[in-house]
Amino acid sequence: MARYTGPSTRVSRRFGQYILGSAKVLERRNFPPGQHGPKSRRKLSEYAVGLNEKQKLRFIYGLLERQFRRTFAIAKRERGVTGERFLQLLETRLDSVVYLLGFAKSRAAARQLVNHGHVRVNGKKVDIASYNAIQGDEIEMKNVNSSRQLATKAIEENRARVVPAWLTRNDEALKGTVTRLPTRDEMEPGINEQLIVEYYSRF
C-alpha cells in the first residue's frame, strides 16, 4: 500500500506540532510551509478545521484515506463514544502496539517489522499491520537474532520513552502484553476527535 513519502518536516510545520521528521524543525521554523513564509494566515472555516484535524491524525498513524475512513466506519458501528473508540482502534493496531512497546523507533518502522514477519502474536506469525490487538494478547519478537537485534537496538535508543500503562513489556523476553484497552487520556493528547466525527458526519 502506498504511503506518504514527501518531506516529513513539512507535515509537522503544517500542523504546528511534532508528527513526522525532526522535532527540532519547529524550534527553527515554527510557521507553516509555503512561499510566503511566516505571514499570518486567514481564519479557517469549520470544515477546514475538521479536515486539518483528520489529516493530522491520519499522518500520525501513517494511513491512507481509504483505510482511515474504513476504521472510522467500524468505530461508528460499535458501542460507546465513536471518537474514543476510533482512537482505540488506531492505537491498538499491531504496528502501533509494537511502536508503543518500544520495539521500533517509529510507527513506520514498526509497520515494516510487522510486514517483514518479525512479530508474533500469541505465538503465531502475524504480518498484517492493521491487526487489532485485544486484551490479553501477547506480542513478541520472532526468536531469531535479526529480529531480536532490531528490537533491542530500538529499546536502547528509546529508553526515555515510557511504555503506556495499558501495556507491559518484558525486556529480556522482548515480549509485551495488552493488559487492557487504552483510556482517552492515554491516547493522542493533541487530537480533538470530536472534530473528526463532525467532519465525517457531513458525508
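To be clear, the structure that these remarks concern was listed above.
Criteria and thresholds
Residues numbered from 1 in each chain as written. Predicted model: local features only at pLDDT ≥ 70, side-chain atom pairs only at ≥ 80, totals over all residues. Heavy atoms only, no water. Helix = DSSP H or I, 4+ residues; strand = E, 2+ residues; numbered from the N terminus. Buried < 20%, exposed > 50% of the residue type's maximum accessible area, 1.4 Å probe, protein only. Salt bridge = Lys/Arg side-chain N within 4 Å of Asp/Glu carboxyl O. Phe/Tyr/Trp six-rings, centres within 6.5 Å; stacked < 30°, edge-to-face > 60°. Lys NZ or Arg CZ within 6 Å of the ring centre and 35° of its normal.

Novice: Break down the environment of E138 for me, with residues and values.
Specialist: Note that E138 resides in strand β3 (residues 138-141). Its relative accessible area of 33% is what places E138 among the partly exposed residues.

Novice: I'd like a rundown of the pattern of salt bridges, residues and numbers included.
Specialist: Pairing is possible between side chains of opposite charge, provided their charged atoms come close. Here the structure, examined in full by the defined rule, presents 15 salt bridges. Between R169 and D171 there is a salt bridge, with the nearest N and O atoms lying 2.7 Å from each other. According to the relative accessible area criterion, D171 is partly exposed, its value standing at 33%. Two residues, R184 and E193, come together in a salt bridge whose shortest N-O distance is 3.0 Å.

Novice: Give a detailed account of the packing of aromatic side chains, specifying residues and quantitative values.
Specialist: Remark: the centre distance and the inter-plane angle together describe each pair of aromatic rings, the angle taken between the planes. Under the counting rule described, the total for this entry stands at seven aromatic pairs. Their ring planes at 35° and their centres at 4.8 Å tell us that F72 and Y200 sit as a pair that is tilted. With F72 in helix α4 (residues 65-77) and Y200 in helix α9 (residues 193-200), this pair connects stretches of sequence that are 128 residues apart. Judged by its relative accessible area of 6%, F72 falls in the buried class. What links up through ring pairs into an aromatic cluster is the set Y47, F68, F72, F86, Y199, Y200 and F203. The positively charged end of R58 is found above the aromatic ring belonging to F59, 5.4 Å away from the centroid. A cation over a ring is seen here: R69 above F203, with NZ or CZ 5.4 Å from the ring centre.

It is worth stressing that arrangement in space is one thing and function is another; only the former is reported here.
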